[in-house]
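Coordinate inspection notes
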Amino acid sequence: YIQKYFLVAYYKVVNWSLPCCFDMCNFKWIIPLQKFFRRKSARDLLPMKPVEIAIEAWWVVQAGYITEDDIKICTTSEKSAIDKIIDSGPQLAGSLDYSIVHSLYNKGFIYLDVPISDDSCIAVPPLEGFVMNRVQGDYFETLLYKIFVSIDEHTNVAELANVLEIDLSLVKNAVSMYCRLGFAHKKGQVINLDNLHSSWRNVPSINRLKNTLDPQKMLLSWDSAESRSPVQEGGSSATDTDTNSQDDPADTASVSSLSLSSGHTKRIAFLFDSTLTAFLMMGNLSPNLKSHAVTMFEVGKLSDESLDSFLLELEKVQSTGEGEAQRYFDHALTLRNTILFLRHNKDLVAQVTQPEQPNNGFPLDLLRCESLLGLDPATCSRVLNKNYTLLVSMAPLTNEIRPISSCTPQHIGPSIPEVSSVWFKLYIYHITGQGPPSLLLSKGTRLRKLPDIFQGYDRLLITSWGHDPGVVPTSNVLTMLNDALTHSAVLIQGHGMHGIGETVHMPFPFDEAEQQGEFSHVNMGAHKALRTLREKMDLQHFCGYVTMLNSSSHQAHRKLSDASDGKGEPELALGSDVNGSTESFEMVIEEPPMDPAVKQSPEVPTTEREWVPLELCFGIPLFSSELNRKVCRKIASHGLCSKDSLKKLLHSSRKLSLQVLSFVHSFQESISTMELLSEASFSPSSSLLSPPAGADTGVPLPAKNLMFKDGVLSEWNGRSPSSVLIATISQEHLK
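Cut-off values and rules
- Residues numbered from 1 in each chain as written.
- Predicted model: local features only at pLDDT ≥ 70, side-chain atom pairs only at ≥ 80, totals over all residues.
- Heavy atoms only, no water.
- Helix = DSSP H or I, 4+ residues; strand = E, 2+ residues; numbered from the N terminus.
- Buried < 20%, exposed > 50% of the residue type's maximum accessible area, 1.4 Å probe, protein only.
- Contact = heavy atoms within 4.5 Å.
- Areas by Shrake-Rupley, 256 points an atom, 1.4 Å probe, with all protein chains shown as cover.
- Expected span 1.5 Å × (residues − 1).
- Salt bridge = Lys/Arg side-chain N within 4 Å of Asp/Glu carboxyl O.
- Pairing = 2+ DSSP bridges.
- Axes fitted to C-alpha atoms, helices over the stretch in contact; angles between N-to-C directions.
- Phe/Tyr/Trp six-rings, centres within 6.5 Å; stacked < 30°, edge-to-face > 60°.
- Lys NZ or Arg CZ within 6 Å of the ring centre and 35° of its normal.
- Polar contact = N/O pair within 3.5 Å; in protein donor to acceptor, adjacent residues only side chain to side chain.
- Parallel < 35°, antiparallel > 145°, perpendicular 65-115°, else oblique.
- Nonpolar A, V, L, I, M, F, W, Y, C, P; charged D, E, K, R; others polar.
- pLDDT = per-residue confidence, 0-100.

Another point: the overall build of the protein chain. Across its full length, the protein chain holds 25 helices and 25 strands. Counting only residues that meet the buried cut, the protein chain has 49% of its 735 residues in that class. A separation of at least 24 residues holds for 77% of the contacts in the protein chain among residues at least 6 apart in sequence. Surface summary for the protein chain: the accessible area is close to 35,700 Å², and the carbon and sulfur share equals 53%.

Printed below as a string of structure tokens:
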């Protein structure tokens with residue numbers, strides 16, 4: 001009826017507008033329209049038979065809509081199975097004949113339920129064939145990802161629902177779907193073998209966990225040469241891998257043969273961001289490495305039970321690549337060394353466990369920060385407190401995410417988001433009185449010419465707010481800056497006066513011997529700025545690195561432009577146009593750093609004044625194997641995981657957080673420092689600093705244009721460096 005009505009209405013419209021055409025066509029246009037609008041029945045759209053799936057013995061068989069005609073085409077055995085299901089109710093698939101169950105399912109006479117009970121424990125192996133196009137605002141999809149990152153093999157469904165504070169039935173439905181699609185499997189004996197039909201006994205297991213190494217062989221001993229890790233060897237790097245270990249059948253064992261102590265123990269969590277998963281997915285590093293990378297991204301976690309197969313794949317990664325691919329290889333191989341260092345490290349666990357507890361080391365989980373941030377703060381805190389004893393971040397984390405803030409469990413990494421933002425750079429310049437020439441411009445600022453402090457530089461380091469920095473040439477940079485300033489604040493820093501500046505990464509905590517003696521290129525730890533940072537920020541209970549920059553100050557400066565002849569022409573204009581281009585500096589490809597041995601040979605003398613701190617990052621770096629090895633050594637030698645050190649770390653993190661927040665909000669016109677300090681509260685069971693209700697959770701944008709030049713941070717009015725210095729931070733807060 002609807003089709004006829006539509007055709008008649010369509011005919012009238014066309015007939016009124018084109019009467020001559022319809023007279024000529026004699027209504028022949030309606031026939032193809034009828035074929036076009038003909039609707040197929042739902043049955044025609046369905047496949048002839050269901051897709052083949054792996055049915056497990058503990059699934060429940062339910063009777064579908066079976067007619068008398070359907071019974072006629074069934075065999076005697078199939079009729080008996082149908083009668084049993086109808087008369088006795090739903091049956092376990094394992095209690096029926098294996099071939100009969102699949103035959104009835106393919107004919108569409110039965111459907112399958114995947115039962116999940118309150119005490120069911122679920123394991124998530126590396127994903128295979130996982131494809132999901134995320135839909136914004138879909139509640140069930142959001143629930144699936146929350147459960148993905150929160151689930152573990154030792155927490156049953158009822159406990160998981162309690163931790164997430166989600167209705168138990170919703171969690172059961174989500175977990176049931178995981179098992180149905182093969183993304184997860186039930187742990188333990190799910191069906192009594194006495195009730196299992198004989199036809200199921202020779203069916204291969206659906207367990208998709210790959211063979212793993214014996215964890216006893218993963219235990220590290222700093223004194224044993226046989227079990228030492230690549231991070232323990234003085235001359236080793238990320239490229240030192242044993243390519244024969246995965247071929248030895250004696251090194252593999254099933255999951256059921258784990259000889260570690262039974263019972264659930266808390267773990268160490270290594271926090272990473274999506275940049276790492278992107279590196280692992282790209283470059284064809286290893287044939288089966290992509291499935292682990294997809295698991296790390298989609299699930300948001302790679303549990304300790306899957307790390308053995310993950311390590312085997314990382315061992316297959318080649319040590320050298322070409323061009324940009326070398327960056328992917330380096331991250332993969334250094335990640336392997338980091339896992340070997342943190343996982344089942346007897347030296348680390350000896351510092352936090354009681355003497356009567358077994359000293360086998362802590363298991364390790366890899367957690368994606370973005371997935372944890374998808375949970376609300378209270379839920380994230382409960383998940384972390386339940387499963388983990390220590391959090392360790394990779395360094396550096398991308399500026400596009402907020403780092404995880406946590407008091408318990410202790411966090412070795414950025415304490416608050418401001419510590420991994422542009423503000424922290426200015427903070428370390430402010431307390432040390434040293435740093436490259438820097439200019440922080442607020443959103444909406446317009447530059448008419450490049451400020452004079454950058455006239456002698458050939459390369460600038462540009463950081464658009466909330467994005468990672470990029471090194472760009474000074475030529476034609478003004479247009480890009482003005483485009484970026486229309487949609488975000490921008491930090492401009494001098495990087496190199498003749499090409500890209502030379503950088504050196506100094507790992508901390510510092511050894512006493514590193515900060516003694518005279519400063520030199522090989523004794524960078526004796527730099528005055530590093531000693532100041534160590535005293536004022538208590539770097540002895542953190543781990544990470546400080547990047548020192550040499551802008552090649554001996555190079556000849558370019559002549560200043562005629563526009564900067566002292567006439568006092570303003571260099572910026574505060575405009576209201578915010579509809580400009582949204583070009584990001586992330587599109588600018590940073591030139592590969594030159595070999596320091598080439599840029600500056602040891603014979604070339606260098607002075608302490610030529611080197612300034614560029615940035616400070618907390619965590620374990622993955623971009624350099626040598627730097628990674630040094631940081632791991634310092635974590636063990638300085639006992640950063642001991643109870644006393646972690647207590648001091650918590651105190652230092654709180655103090656640093658208050659100092660940085662006080663520094664940041666001194667440049668905000670809408671809130672005073674005293675209001676900030678009164679609102680800041682620390683809770684042992686919550687995040688380090690909880691923002692006030694209704695407040696923006698992002699890092700605050702600058703309300704003023706700030707310039708750092710000649711060791712002084714001041715407000716910049718666009719003409720000449722302001723003589724009014726920023727002095728709103730009391731010196732007591734910086735001591």
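Over its 13 residues, helix α23 (residues 625-637) runs 18 Å from end to end, which matches the ideal 18 Å to within 8%, given 1.5 Å per residue. When we look at burial in α23, the residues that qualify are L627, N628, R629, V631, C632, K634 and I635.

One pass over the structure, following the stated rule, counts 18 salt bridges. As a salt-bridge pair, D308 and R343 come within 2.7 Å of each other at their nearest N and O atoms. Linking D308 in helix α14 (residues 304-315) with R343 in the loop between α15 (325-342) and α16 (346-349), this pair joins segments that are 35 residues apart in sequence. Accessibility assignment for this pair places D308 and R343 in one class, buried. Salt-bridge contacts for R534 lead to E512; the nearest nitrogen and oxygen are separated by 2.6 Å. With R534 in helix α21 (residues 528-537) and E512 in the loop between β18 (502-508) and α21, this residue pair connects regions lying 22 residues apart in the sequence. Overlapping salt bridges bring together R267, E305 and D365 as one network.

In this section: the sheet that holds strand β3 (residues 110-113). Within the open sheet, the three strands sit side by side as β2-β1-β3. Their pairing is antiparallel. With one partner strand each, in any of the chains shown, β2 (91-92) and β3 form the two edges of the open sheet. Here strand β1 (residues 60-63) pairs with β2 via two bridges, running antiparallel. When the sheet's bridge partners are listed, V60 is paired in β2 with L92. Running over the sheet, helix α6 (residues 76-88) touches β1, β2 and β3 and is turned about 90° from β1.

Further remarks concern the pairing of strand β21 (residues 611-618). Most of β21 sits out of view: seven of its eight residues are buried. Note that strand β19 (residues 544-550) and β21 share seven bridges and pair antiparallel. Each residue of the ladder has a partner; that of N550, found in β21, is W611.

When you tally the buried positions in strand β10 (residues 364-368), you get five out of five residues, the bulk of the element. The alternating pattern of β10 places L364, L366 and R368 and D365 and L367 on opposite faces, both of which are buried. The sheet contact formed by strand β8 (residues 267-272) and β10 spans five bridges and is parallel. The partner of A269 across the bridge, within β10, is D365. Examined bridge by bridge, strand β9 (residues 301-302) and β10 share two bridges and lie antiparallel to one another. Its bridge partner being in β10, L302 is matched across the sheet by L366.

To continue, consider the packing of aromatic side chains. For the coordinates displayed, the defined rule picks out 14 aromatic pairs. Judged by centre distance (5.4 Å) and plane angle (70°), the ring pair of Y545 and F623 falls under edge-to-face. Within this pair, whereas Y545 is found in strand β19, its partner F623 is found in the loop between β22 (620-621) and α23, the two being separated by 78 residues in sequence. Accessibility expressed as a relative area gives 1% for Y545, which makes it buried. Three or more aromatic residues joined by ring pairs make a cluster, and in this case those are W423, F424, Y427, W465, F508, F510, F542, F618 and F663. When the ring centre of F297 is taken as reference, the NZ or CZ atom of R368 above it lies at 4.4 Å.

Attention now moves to the sheet that holds β21. With antiparallel pairing, the three strands of this open sheet are ordered in space as β18-β19-β21. Looking at the sheet topology across the chains shown, the edges are occupied by β18 and β21. Each strand axis lies, on average, 25° off the axis of its neighbour in the sheet, ignoring direction. Taken together, the seven bridges between β18 and β19 define a ladder with antiparallel strand orientation.

To continue, consider the side chain of K186. Relative to the helices and strands, K186 resides in strand β5 (residues 185-186). Polar side-chain contacts of K186 include one of 3.3 Å to the backbone oxygen of P115.

Okay, the packing of helix α19 (residues 422-432) against α21 next. Taken N-terminus to C-terminus, the directions of α19 and α21 make an angle of 105°; their axes are 9 Å apart at the nearest point. Judged on the interaxial angle alone, α21 and α19 are roughly perpendicular. Residue-level contacts link F424, I428, I431 and T432 of α19 to A529, T532, L533, K536 and M537 of α21. Grouping the amino acids of the contact of α19 with α21 by side-chain chemistry returns six nonpolar, two polar and one charged.

Taken over all residues, the pLDDT of the protein chain has a mean of 74, while the share at 70 or more is 70%. Taken element by element, the predicted model of the protein chain shows its lowest mean pLDDT in strand β7 (residues 252-253) (33) and its highest in β22 (94). Here residues 207-262 scores under 50 on pLDDT; set against residues more than four positions off or in separate chains, the count is 114 contacts.

Of note, H527 is situated in the loop between β18 and α21. Residues H527 and Q516, eleven residues apart in the sequence, show an inter-C-alpha distance of 9.4 Å. When residues no more than four places from it in sequence are discounted, the contact partners of H527 are Q434, F519, M548, E608 and W611.

Glycine aside, the phi torsion of most residues is negative, and most peptide linkages are trans. At the junction of A395 and P396, the peptide bond is cis and its omega measures out at -5° in the coordinates. The topology assignment puts P396 in the loop between β11 (388-395) and β12 (410-412). Here F508 and P509 are connected by a cis peptide whose omega angle stands at 15°. The topology assignment puts P509 in the loop between β18 and α21.

A few words now on the environment of K647. By the element assignment, K647 lies in helix α24 (residues 643-665). For K647, a relative accessible area of 60% gives the class exposed. As for K647 and H541, which are separated by 106 residues in sequence, their C-alpha atoms are 9.3 Å apart.

Looking at where Q540 falls in the secondary structure, it is placed in the loop between α21 and β19. The exposure class of Q540 is buried, given its relative accessible area of 18%. Polar side-chain contacts of Q540 include one of 3.0 Å to the backbone oxygen of F510. Residues contacting Q540, with those up to four places away along its chain left out, are P509, F510, R534, H638 and L640.

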